Amino acid sequence: MLKEQIKSLAHDCDGCPIRHRAVCARCESDELERLEEIKYYRSFEAGQTVIWSGDKMDFVGSVVSGIATLTQTMEDGRTQMVGLLLPSDFVGRPGREGSAYDVVATTDLVMCCFRKKPFEEMMVSTPHVAQRLLEMTLDELDAAREWMLVLGRKTAREKIASLLSIIGRRDASLNLREATGAVVFDLPLTREAMADYLGLTLETVSRQMSALKRDGVIALEGKRHVTIPDFTRLMDEAGDDADGGIFA
């Protein structure tokens, strides 16, 4: 299945599902041709490690499909999920040799990768790439600061609603839809992964998901297929503005 996905993506930048959000979003045709020369696709199965913390990275790239987690391990072996990589998110840091985090595929994952050294050289000569990467980095910084509020001040119910709104908005953005009214998406995280990311117990996540379903804030088909009948109401439950904020 992953090989089929990669085959369908190869040499098709114009039809790429993340093209309008990725690091190449503002590239002209000649710039895309240069990226094509240093581009390749990689696939990872759910649970597979993309890169270990401290390992040397010879590539950078964007998540095309699937989700990965950023995890940090403490000296005593305890781990903490510190971030999510959703479709169009950028992996790796130009100018930095190694990875600061473990990157692990949560679902089957397809990445559009660029050889690191040529990509760094292209950033110098191609303002469109450098400018877009700067914008994405600043968005990531804003999101990290906002997530500190989610983890530090919000209730368990608000945390769950916040996470659902993040995933719902990103799904709508990738599919060029507005995150208004009813929003439907497949939840890419298990309850265990949600608990880890939100600093909650599995029981609390399950209980709050059931409560949101009971109150009509969400509808669930199985454990993963989520319908948000009224996205504004979900944002109210998250304690956020209904305009989508910086997580879009």
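1. Considerations on the layout of surface pockets
If you add up the space inside the largest pocket, you get close to 1200 Å³. Every residue lining the largest pocket is counted, 42 residues in all, and those nearest its centre are Leu70, Leu84, Leu85, Arg93 and Glu140. Within the residue set of the lining of the largest pocket, elements represented by two or more residues are β5 (79-85), β6 (90-91), α4 (127-153) and α5 (156-174). Examining the composition of the lining of the largest pocket, we find that 12 residues originate from one element, α4, more than from any other. Here the second largest pocket is characterised by a volume of approximately 450 Å³. Lining the second largest pocket are 20 residues, and of these Ser65, Gly66, Pro87, Asp171 and Leu174 sit closest to its centre.

2. Quick word on the pairing of β5
Looking along a regular strand, one sees side chains alternate from face to face of the sheet. Two strands pair when backbone bridges link them, and strand β4 (residues 68-73) and β5 are joined in this way by six bridges, in the antiparallel orientation. In the sheet register, Thr69 faces β5, and the bridge partner there is Leu84. Hairpin remark: β4 followed by β5, antiparallel, with five residues in the connecting loop; positive phi at Gly77, about 95 degrees.

3. Things to note about the nonpolar core
Grouped together as the largest cluster of nonpolar side chains are 35 residues, with contacts concentrated most on Ile160, Leu163, Leu164, Met209 and Ile218. Of all the secondary-structure elements, those providing two or more residues to this core are β5, α4, α5, β9 (183-186), α6 (191-198), α7 (202-214), β11 (225-228) and α8 (231-238). Ranked by residue count, the leading element in this core is α5, at seven residues. The residues touching Leu163, leaving out its near neighbours within four places in the chain, are Leu84, Trp147, Leu189, Met194, Tyr197 and Leu198. Counting residues in each nonpolar core, the second largest holds 22 residues, with Val23, Leu35, Phe90 and Leu133 among its members.

4. A few points about the pattern of salt bridges
Counted under the stated rule, the structure contains seven salt bridges. Here Asp215 and Arg157 are joined by a salt bridge, their closest N and O atoms 2.9 Å apart. Of this pair, Asp215 sits in the loop between α7 and β10 (219-221) while Arg157 is found in helix α5, placing the two residues 58 residues apart along the sequence. Judged by its relative accessible area of 33%, Asp215 is partly exposed.

5. With respect to the environment of Gly239
Within the fold, Gly239 resides in the segment after α8. It is 39 Å that separates the C-alpha atoms of Gly239 and Met123, two residues lying 116 residues apart in sequence.

6. Side note on the packing of aromatic side chains
Taken as a whole and assessed by the stated rule, the structure comprises two aromatic pairs. Both rings, one in Phe114 and one in Phe119, keep their centres 5.5 Å apart while their planes meet at 20 degrees; by these two values the pair is stacked. Grouping aromatic residues by their ring pairs yields a cluster made of Phe90, Phe114 and Phe119. Stacked on the ring of Phe59, the Lys or Arg Arg42 has its end atom at 5.1 Å from the ring centre.

7. Points about the sheet that holds strand β8 (residues 109-115)
Overall, antiparallel pairing links the four strands, which are arranged β1-β8-β3-β6 in an open sheet. A single partner strand is all that each edge strand has here, and the edge strands are β1 (39-44) and β6. Bridge count between strand β3 (residues 59-65) and β6: two bridges; the pairing is antiparallel. Its bridge partner being in β6, Gly61 is matched across the sheet by Val91. Helix α3 (residues 116-125) contacts β3, β6 and β8 of the sheet and is inclined by roughly 65 degrees relative to β8.

8. Notes on empty space enclosed by the protein
A complete count under the given rule lists one cavity of 30 Å³ or more for this structure. Space inside the largest cavity adds up to approximately 120 Å³. If you trace the largest cavity, you find 14 residues lining it, with Cys13, Cys24, Lys39, Cys112 and Phe114 closest to the centre. When residues of the lining of the largest cavity are traced back to their parent elements, those giving at least two are α2 (29-37), β1 and β8. Its residues placed into classes, the lining of the largest cavity shows 11 nonpolar, one polar and two charged.

9. Focus: the side chain of Ser88
By secondary structure assignment, the location of Ser88 is in the loop between β5 and β6. For Ser88, the residues in contact, after removing those within four places along its chain, are Ile18, Arg21, Ala22, Ser62, Val63, Met136, Arg170 and Leu174.

How each quantity is defined
- Residues numbered from 1 in each chain as written.
- Predicted model: local features only at pLDDT ≥ 70, side-chain atom pairs only at ≥ 80, totals over all residues.
- Heavy atoms only, no water.
- 1 Å grid on protein atoms, 1.4 Å probe; cavity = no way out; pocket = protein on both sides within 12 Å on 5 of 7 lines; lining within 4 Å.
- Points joined across faces, edges and corners; volume = space filled by probe spheres on them.
- Helix = DSSP H or I, 4+ residues; strand = E, 2+ residues; numbered from the N terminus.
- Pairing = 2+ DSSP bridges.
- Core = buried A, V, L, I, M, F, W, Y, C linked by side-chain atoms within 4.5 Å.
- Buried < 20%, exposed > 50% of the residue type's maximum accessible area, 1.4 Å probe, protein only.
- Contact = heavy atoms within 4.5 Å.
- Salt bridge = Lys/Arg side-chain N within 4 Å of Asp/Glu carboxyl O.
- Phe/Tyr/Trp six-rings, centres within 6.5 Å; stacked < 30°, edge-to-face > 60°.
- Lys NZ or Arg CZ within 6 Å of the ring centre and 35° of its normal.
- Axes fitted to C-alpha atoms, helices over the stretch in contact; angles between N-to-C directions.
- Nonpolar A, V, L, I, M, F, W, Y, C, P; charged D, E, K, R; others polar.

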